[in-house]
Amino acid sequence: MAEGDNVSAYSMEGGQDTVGLPRIVMVTEGSDTSASSPSSTTSSEDNWADLIKSSEIPPEYWHIQKLVKYMKAGNQTATMVALSCLKDHDLTIEVNQRAIQEIGGLELLVNLLETRDLCCILGSLAVLKDITPNIEIRKKVTDLGAIPLLVGLLSDPAKDVQILAAETIANLGRIRKSRKFCRKFGGIPKLIDLLDVKERYLLTPREELSQDETQFLDIARAGAKALWSMSSSQRNREAMRKFGMIPLMARLLKTVHLDVAVPAVGLLQMCANETSFQLAIQTEKMVDNLIKHLANEDKDLKTYCSLAIYKCASDAITRDMIREAGGLELLVEAAQDSTNRTNKPLMAAVTGALWKCANSDASVKKLDQLGAVPILVRLLDDENDGVLTNVAGALAECAKFPPNREKIRAAGGIPLLIHHLNNTHKPLLENVPLVLMECAKEQNCMTEIDELDGVRLIWSLLKNDSKKVQTNATLALSPCVQNATDSGEMVRSFVGALELTVDLLDSDDHNVLSAVCAAIATIARDHENLAVISDHGVVAKLSKLVSTTDDHLRANLGVAIAYCCDWAQNRQEFGKRGAITPLVNYMTSRDPNVHRATALALYHLSFYSINCVTMHAAGVVQFLLETIGSKDPILQEASAGCLCNIRKLALATEKIKLKQ
């Protein structure tokens, strides 16, 4: 994964929270926390200009500038006194940060890191730690060469220096350049060393630890915080793995200290983007500790735990471990808690974790016991697209089990889902059709979908420019058309719908093509609809696809060809366009679904004598003699029917020869 982070992931950008850790905000894929938008930068400049014009600059501004001048002109003692006075001001306020920056204080503070005086170094670090949350100052300090100096200070024997240096690196690491420099100048292994704290300190309450032991905890917290910031880079995550961070992280997760647990889990969920870390979470038994922290009341910790589960639960073994550790109960409880509704990052993380965990039968059964489906349906009225996307994904998994389809309908989910088909958020539009696809298999649900004009809205998604949206919407059409009352008339009532469907056969995406073929196979069962799509050139477009080597596409293409044969001269046209021989070659596939679809297509094509001759010449008889003994009744019947037609042609030809 590139610099910046994924999916619905969360960045450390944006201020400090109550435990001294950055607030989380959503960032889109490929974005960088260092990038401030032009509009926000301009706004900041305008505000500053207005402040200057209005002559409302507070006296602290001038006082801070005087202190920086004393630091420049004075001796070592004056510098130390000025630094101490500087710390008495609130350096988190932008005006005070500007005061330091505009008089050249940043250069001075960075230079002080090179001195040998411990008090000057500590004072400089304390100021830098407070002012580097400002994005402009982060960039400036990085350009002044602070990263190599800070990396060097990580090895300082003074624990206070190590802590402040790591916390400053954590702030600077929010920009790409700093992350690169930290890796380049050997900062990653030094930060990892800071995590090496005795397990006893992690498991003992702070009040029972000595001051020195507490400092070791603070060093580990600062190291985890800095590594968390650095982990926005894929190269840094790989470096962390190579330098042996995984065992130390597994130990750190055992902590009972909230201020250590939050950055530790935050770091873990960022690293969980990598397959190697996902496997490590499983093998190092980190899941139990993740679930333990998930039970904590702290919202940030819950969010990071949920994100880690979301990223790891794609693996079946990890899903089982999460379920067995009691993770599903905690996730459902968090989703149900009305006090969490305003915390969108938490809700997105929790529902995302539920979505990924629901991708197994055992987990869905457990979720059913916990009454998760009605809870998820109630979240469909949320205004956050990320939450809605994850809720729809979870419902799509749950709806694969027939009893849950009725639960979705009974809870009022169908109208809400259909309403979201008008949304423009593409990930949401990928998931909603999948829920409706499963619900359409239930007659009561299908009736409601039809009454609410859901099929037309699903069909309109075929015009979406996202391949995934096109694929999932087309997949949803098959059960909708199959189970709707008077489906043939319904389909024809949608102006341009059939032409739109046939035109999608020109797509270059195999998943789209496969879904369209499945939809055409269903649509073509109505003779009037088959006539319409035949007029739109469906035979020619299907014939162009027969050379594919994709088994999934082959399976649906074979069925589409089979049902498109039953109109006018379609089967003759398939033969003329050279579709027969490639279809016969499908029988060499190892996929039984391909065998079934191919036999069905060949059976329908074999009612035209010249097609039988072509099949025979391509060696189809040998394959059909094998598949006629299949345990699959459809394959068996289609194979027998095709052989029967070929044999009838052979007998008719033999009779003609005898007469002659």
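None of the values given here were measured: they were computed from a predicted structure. Once a new chain begins, its residue numbering starts again from 1 and follows that chain's sequence as written. Thresholds applied to this predicted model are a pLDDT of at least 70 for local features of residues and 80 or more for the giving and counting of side-chain atom pairs; totals over whole chains, interfaces and linings are not thresholded and use all residues. Think of the side-chain values as coming from all heavy atoms in the structure, minus any hydrogens and water.

Chemist: Any chance you could explain the overall build of the protein chain here in plain terms?
Modeler: Under the DSSP-based scheme used, a helix requires at least four consecutive residues in state H or I and a strand at least two consecutive residues in state E, with every element numbered from the N terminus. For the protein chain, the count of helices and strands is 43 helices and two strands. In terms of overall size, the protein chain is more extended than a compact globule, its C-alpha atoms giving a radius of gyration of 33 Å where 660 residues would be expected to give roughly 26 Å. Each of the three principal axes of the protein chain carries a C-alpha extent, and together these read 125 × 55 × 45 Å. Relative accessibility under 20% of the residue-type maximum defines a buried residue, over 50% an exposed one, and the middle range a partly exposed one, all with a 1.4 Å probe and only protein chains included. Counting only residues that meet the buried cut, the protein chain has 55% of its 660 residues in that class. The criterion used for residue contact is that any of the two residues' heavy atoms lie within 4.5 Å. Relative to all contacts within the protein chain whose residues are 6 or more apart in sequence, the contacts with residues 24 or more apart total 73%. All accessibility values rest on the Shrake-Rupley procedure with a 1.4 Å probe; residue burial counts only the protein chains present in the view. Surface accessibility of the protein chain: about 27,800 Å² in total, with carbon and sulfur atoms responsible for 52%. Only four residue types enter the charge count, namely Lys and Arg as positive and Asp and Glu as negative; His and the chain termini do not. By convention, the charge on Lys lies at NZ, on Arg at CZ, on Asp at CG and on Glu at CD. Separation of charge centres in the protein chain, based on 71 positive and 81 negative side chains, amounts to 5 Å. Both definitions apply: the radius of gyration is a C-alpha atom measure, and the globule rule equals 2.2 Å times residues to the power 0.38.

Chemist: Any chance you could explain the UniProt feature "repeat: ARM" (unreviewed entry) in the protein chain here in plain terms?
Modeler: UniProt positions are given in the numbering used here, feature names are shortened, and annotations may be inferred rather than shown by experiment. Under the feature "repeat: ARM" (unreviewed entry), the UniProt entry names residues 145-172, 371-413 and 496-538. Annotated as 79% helix and 0% strand, the span residues 145-172 places its first and last C-alpha atoms 11 Å apart. The annotated region residues 371-413 carries 72% helix and 0% strand content, and the separation between its end C-alpha atoms amounts to 15 Å.

Chemist: In this structure, what is going on with unusual backbone geometry? I would like to understand it.
Modeler: It is generally the case that most residues other than glycine have a negative phi and that most peptide bonds are trans. Phi is positive for Asp486, which is not a glycine, with a value near 50 degrees. Considering the arrangement of structural elements, one finds Asp486 in the loop between α31 (467-483) and α32 (487-493). Given a relative accessible area of 54%, Asp486 falls into the exposed group. Positive phi values are uncommon outside glycine, yet Ala568 reaches one of about 45 degrees. With respect to the helices and strands, the residue Ala568 is situated in the loop between α37 (551-564) and α38 (570-576).

Chemist: What is the right way to read the pattern of salt bridges from this model?
Modeler: Opposite charge on two side chains permits them to pair, given that their charged atoms come into close proximity. Any carboxyl oxygen of Asp or Glu that lies within 4 Å of a side-chain nitrogen of Lys or Arg is treated as forming a salt bridge with it. This model, assessed by the stated rule, comprises 39 salt bridges. Between Arg341 and Asp382 there is a salt bridge, and its shortest N-O distance comes to 3.5 Å. Here the residue Arg341 occupies a position in the loop between α21 (327-336) and α22 (344-357), and Asp382 occupies one in the loop between α24 (372-378) and α25 (385-398), the gap between them amounting to 41 residues. Overall, Arg341 belongs to the partly exposed group, its relative accessible area being 26%. A cluster of three or more residues bridged by salt bridges with shared partners is formed by Glu167, Arg206, Asp218, Arg221 and Asp259.

Chemist: I would appreciate a short explanation of helix α40 (residues 592-605) in the present structure.
Modeler: Each full turn of the α-helix corresponds to 3.6 residues, which orients residues three or four apart in the same direction. Here the expected length of a helix is defined as 1.5 Å per residue gap, with one fewer gap than residues. Taking 1.5 Å as the rise per residue, α40 with 14 residues should run 20 Å; its terminal C-alpha atoms sit 20 Å apart, in good agreement. Burial within α40 is extensive, with ten of its 14 residues counted as buried. By the burial criterion, the buried members of α40 are Val594, His595, Ala597, Thr598, Ala599, Leu600, Ala601, Leu602, His604 and Leu605. Buried residues along α40 sit in contact with α37, α38, α39 (580-585), α41 (609-617), α42 (620-627) and α43 (633-659).

Chemist: In this structure, what is going on with the nonpolar core? I would like to understand it.
Modeler: Here is a general trend for soluble globular proteins: nonpolar side chains tend to be buried in one another's company. Ranked by size, the top nonpolar core spans 216 residues in total, and within it Leu191, Met240, Met245, Ile408, Trp459, Leu542 and Ile561 carry the most contacts. Leaving out residues up to four positions away in the same chain, Met240 has contacts with Ile188, Ile192, Leu227, Met230, Ser231, Met245, Leu267, Cys271 and Phe277. Nonpolar cores are built from buried Ala, Val, Leu, Ile, Met, Phe, Trp, Tyr and Cys residues. Side-chain atoms within 4.5 Å join them into one set.

Chemist: Before we go on, may I ask you to explain the environment of Pro402 in this structure?
Modeler: Residue placement: Pro402 occurs in helix α26 (residues 402-410). Considering only alpha carbons, one finds Pro402 and Gly326, 76 residues apart in sequence, at a separation of 25 Å.

Chemist: How should I be thinking about helix α15 (residues 245-252) in this particular structure?
Modeler: The buried fraction of α15 amounts to six of the eight residues, a majority that puts the element mostly inside the structure. Listed as buried for α15 are Met245, Ile246, Leu248, Met249, Ala250 and Leu252.

Chemist: Whenever I open this one, the state of the cysteines confuses me. Can you help?
Modeler: By definition, a disulfide links the sulfur atoms of two cysteines through a covalent bond. In what follows, a disulfide is any cysteine sulfur pair within 2.5 Å. Counted by the stated rule, this structure contains zero disulfides. A disulfide-free cysteine, Cys305 has its sulfur positioned 11 Å from the sulfur of Cys312, the nearest such atom. Overall, Cys305 belongs to the buried group, its relative accessible area being 0%. Just so you know, Cys480 is unpaired, no disulfide at all, and the nearest cysteine sulfur is the one on Cys439, 9.6 Å from it. Cys480 gets classed as buried once you look at its relative accessible area, which sits at 0%.

Chemist: Explain the packing of aromatic side chains to me, please; I cannot follow it from the model alone.
Modeler: In this description, an aromatic ring pair is defined by two values, namely the gap between the centres and the angle between the planes. Here is the rule: rings of Phe, Tyr and Trp (six-membered ring for Trp) pair when centre to centre is within 6.5 Å. Planes less than 30 degrees apart are stacked, more than 60 are edge-to-face, and the remainder are tilted. For the coordinates displayed, the defined rule picks out six aromatic pairs. Taking 6.1 Å as the distance between ring centres and 80 degrees as the angle between the ring planes, the aromatic pair formed by Phe181 and Phe185 counts as edge-to-face. Its relative accessible area of 21% is what places Phe181 among the partly exposed residues. For a Lys NZ or an Arg CZ to count as sitting over a ring, it must be within 6 Å of the ring centre and within 35 degrees of the ring normal. In this structure, Lys356 packs its charged tip against the face of Trp355, placed 4.1 Å from the ring centre. When the ring centre of Tyr563 is taken as reference, the NZ or CZ atom of Arg525 above it lies at 4.4 Å.

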